[in-house]
Amino acid sequence: MTSPQHDHGVLLSRIADALERLAPPSGPVCDWLAHPAYVWTGSSARAVEHLDAPALDLLRGIDAQKERVVTNVERLAAGHAAHDMLLWGSRGMGKSAVLRAAIRAAQDAHPGGIALVQVAQEALSGVTALFATLGRIDRRFLVFIDDLGFEENDGAGPRLLRSWLEGGVEARPANVRLAVTSNRRAIVARSMSEQDDPINPRDVVDDRLALADRFGLSIGFHNCDQDAYLSIIGGYAQEFGLEWESGDALEWSRRRGARSGRVAWQYVNELAGRAGKAI
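Residues numbered from 1 in each chain as written. Predicted model: local features only at pLDDT ≥ 70, side-chain atom pairs only at ≥ 80, totals over all residues. Heavy atoms only, no water.

In the annotation of an unreviewed UniProt entry, the entry for the protein chain reads ATP-binding protein, and the organism field reads Novosphingobium mangrovi.

Enquirer: An account of the overall build of the protein chain is requested, with residue identities and associated values reported.
Expert: Of the regular secondary structure elements, the protein chain holds nine helices and seven strands. In the protein chain, which comprises 279 residues, the proportion classed as buried is 41%. On the protein chain, roughly 15,100 Å² of surface is accessible, and the fraction owed to carbon and sulfur atoms is 50%. (Helix = DSSP H or I, 4+ residues; strand = E, 2+ residues; numbered from the N terminus. Buried < 20%, exposed > 50% of the residue type's maximum accessible area, 1.4 Å probe, protein only. Areas by Shrake-Rupley, 256 points an atom, 1.4 Å probe, with all protein chains shown as cover.)

Enquirer: Hey, could you go over the environment of Ser-246 for me, with residue numbers and the actual values?
Expert: Here Ser-246 lies in helix H8 (residues 246-256). What makes Ser-246 partly exposed here is its relative accessible area of 38%. As for Ser-246 and Leu-230, which are separated by 16 residues in sequence, their C-alpha atoms are 6.9 Å apart.

Enquirer: Describe in detail the packing of helix H7 (residues 226-240) against H8, supporting the description with residues and values.
Expert: It is the contact of H7 with H8, at a shortest axis distance of 11 Å, that shows an interaxial angle of 110°. The angle between the axes of H7 and H8 places the two elements in the roughly perpendicular class. Where H7 crosses over H8, the handedness of that crossing is right-handed. Residues Gln-226, Tyr-229, Leu-230 and Ile-233 of H7 form the contact with H8, whose participating residues are Ser-246, Ala-249, Leu-250, Trp-252 and Ser-253. The residue inventory of the contact of H7 with H8, partitioned by class, reads six nonpolar, three polar and no charged. (Axes fitted to C-alpha atoms, helices over the stretch in contact; angles between N-to-C directions. Parallel < 35°, antiparallel > 145°, perpendicular 65-115°, else oblique. Left-handed = near helix turned anticlockwise from the far one by under 90°. Contact = heavy atoms within 4.5 Å. Nonpolar A, V, L, I, M, F, W, Y, C, P; charged D, E, K, R; others polar.)

Enquirer: Give a detailed account of the pairing of strand S1 (residues 37-40), specifying residues and quantitative values.
Expert: Two elements, S1 and strand S2 (residues 45-48), share four bridges in a ladder whose sense is antiparallel. Bridge assignment links Ala-37 to a residue of S2, and that residue is Val-48. In this antiparallel pair of consecutive strands, S1 and S2, the connection spans four residues, and Gly-42 shows a positive phi of 115°. Bridging between S1 and strand S4 (residues 114-119) involves four bridges; their strand directions are parallel. From the neighbouring strand, Val-39 faces S4, where its bridge partner is Gln-118. (Pairing = 2+ DSSP bridges.)

Enquirer: An account of helix H3 (residues 95-109) is requested, with residue identities and associated values reported.
Expert: For H3, built from 15 residues, the straight-helix expectation of 21 Å at 1.5 Å per residue is met to within 8% by its first-to-last C-alpha distance of 22 Å. Within H3 the residues assigned to the buried category are Lys-95, Ala-97, Val-98, Leu-99, Ala-101, Ala-102, Ile-103, Ala-106 and Gln-107. (Expected span 1.5 Å × (residues − 1).)

Enquirer: Describe the pairing of strand S5 (residues 140-145), listing the residues and the values that go with them.
Expert: As a general feature of sheets, a regular strand has side chains that alternate between the two faces. Within S5, five of the six residues are buried, leaving the element largely enclosed by the surrounding structure. With respect to chirality, the unit in which S4 leads through helix H4 (residues 127-134) into the neighbouring parallel S5 is right-handed. Relative to strand S6 (residues 176-182), S5 runs parallel, the two sharing five bridges. Note that in S6 the partner of Val-143 across the bridge is Leu-178. (Right-handed = clockwise from strand over helix to strand, strands pointing away.)

Enquirer: I'd love a proper account of unusual backbone geometry, names of residues and values included.
Expert: Negative phi is the rule for most residues except glycine; trans is the rule for most peptide bonds. The residue Asp-147 is not glycine, and still its phi comes out positive at about 55°. Following the sequence through the fold, Asp-147 ends up in the loop between S5 and helix H5 (156-165).

Enquirer: Describe helix H2 (residues 63-77), listing the residues and the values that go with them.
Expert: An ideal rise of 1.5 Å per residue puts 21 Å on 15 residues; H2 measures up with 21 Å between its terminal C-alpha atoms. At its buried positions, H2 is contacted by strand S3 (85-89), H3, S4, S5, S6 and strand S7 (217-221). At the C-terminal side of H2, Gly-79 shows a positive phi close to 85°.

Enquirer: Provide a residue-level description of the nonpolar core, including the pertinent values.
Expert: Counting residues in each nonpolar core, the largest one holds 46 residues, and the members touching the most others are Val-69, Val-73, Met-85, Leu-87, Leu-99, Leu-142 and Tyr-229. Contacts of Leu-99, omitting those with residues within four sequence positions, involve Val-69, Met-85, Leu-87, Leu-142, Phe-144, Ala-179 and Thr-181. (Core = buried A, V, L, I, M, F, W, Y, C linked by side-chain atoms within 4.5 Å.)

Enquirer: Kindly report on the sheet that holds S7, identifying the contributing residues and their values.
Expert: Pairing is mixed across the open sheet formed by seven strands, whose spatial order is S2-S1-S4-S5-S6-S3-S7. The sheet terminates laterally at S2 and S7, the two strands that pair on one side only. Adjacent strand axes in the sheet meet at a mean angle of 20°, parallel and antiparallel pairs treated alike. Note that S4 and S5 share six bridges and pair parallel.

Enquirer: So what's going on with the packing of aromatic side chains? Which residues, and what values?
Expert: For the coordinates displayed, the defined rule picks out six aromatic pairs. Considering the side-chain rings of Trp-252 and Tyr-267, the 5.9 Å spacing of their centres and the 55° angle between planes classify their relative orientation as tilted. Here Trp-252, found in helix H8, pairs with Tyr-267, found in helix H9 (residues 261-275); they are 15 residues apart in sequence, far enough to count as distant. Across the pair, Tyr-267 and Trp-252 agree in class, each one buried. Here a set of aromatic residues connected by ring pairs shows up, and it is made of Trp-32, Tyr-38 and Phe-141. (Phe/Tyr/Trp six-rings, centres within 6.5 Å; stacked < 30°, edge-to-face > 60°.)

Encoded structure:
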């Protein structure tokens, strides 16, 4: 005859076994030294085996912006002082492409020295935990938040970003820098009511821009003119051996309603399709 204590212990053991069977298997531990890039989900990381990035020479029409980004990423990869970066401005003008290309170039120059960690906006609440992890790794990291934008009534997001950049207890560690792309320089949406503030309309605007001012580098990307648009296409066409005509390229941009690096790439993709080539 078994004792009540024994029966109780057996029951607890069975419950523990059942819970272990129901629990999802733990994922593999992320090796932060082995891969060129990672995606942070908010609670864990997924390794990216190959970082897809264009060659720097193919990124035309943004020479000044490219030089500043490449120089800063190179400094970070070399272990030197480097800035957090805000890349803002027109859609399709190569903000994220130039970041990826700069990382690839830095990895070629400093093998294993730097990695890109991309964070989606919905995973921002987990970035403080990411910083705690990366701060213990003997490697440099560029944490990349693409297409960031906060709505007017979103107070939590800007506060998080401010805390990371201001050097407080949640600030990013010394081996990590932030790179943010946004369509708006201020990151936070602005409303027409700001202009109607009867006390001081500049105070509200300056407060919104203060978030952007916390980045060491704030680099603007603007819609390209006709010459720059054609130059971008010419560079790609030469690289891939494609025939093209400027009139046809301009007609493509008119149909798309814009001239940008993205529209130029879409035209080049169309050229390759017509020629029966893969790019």
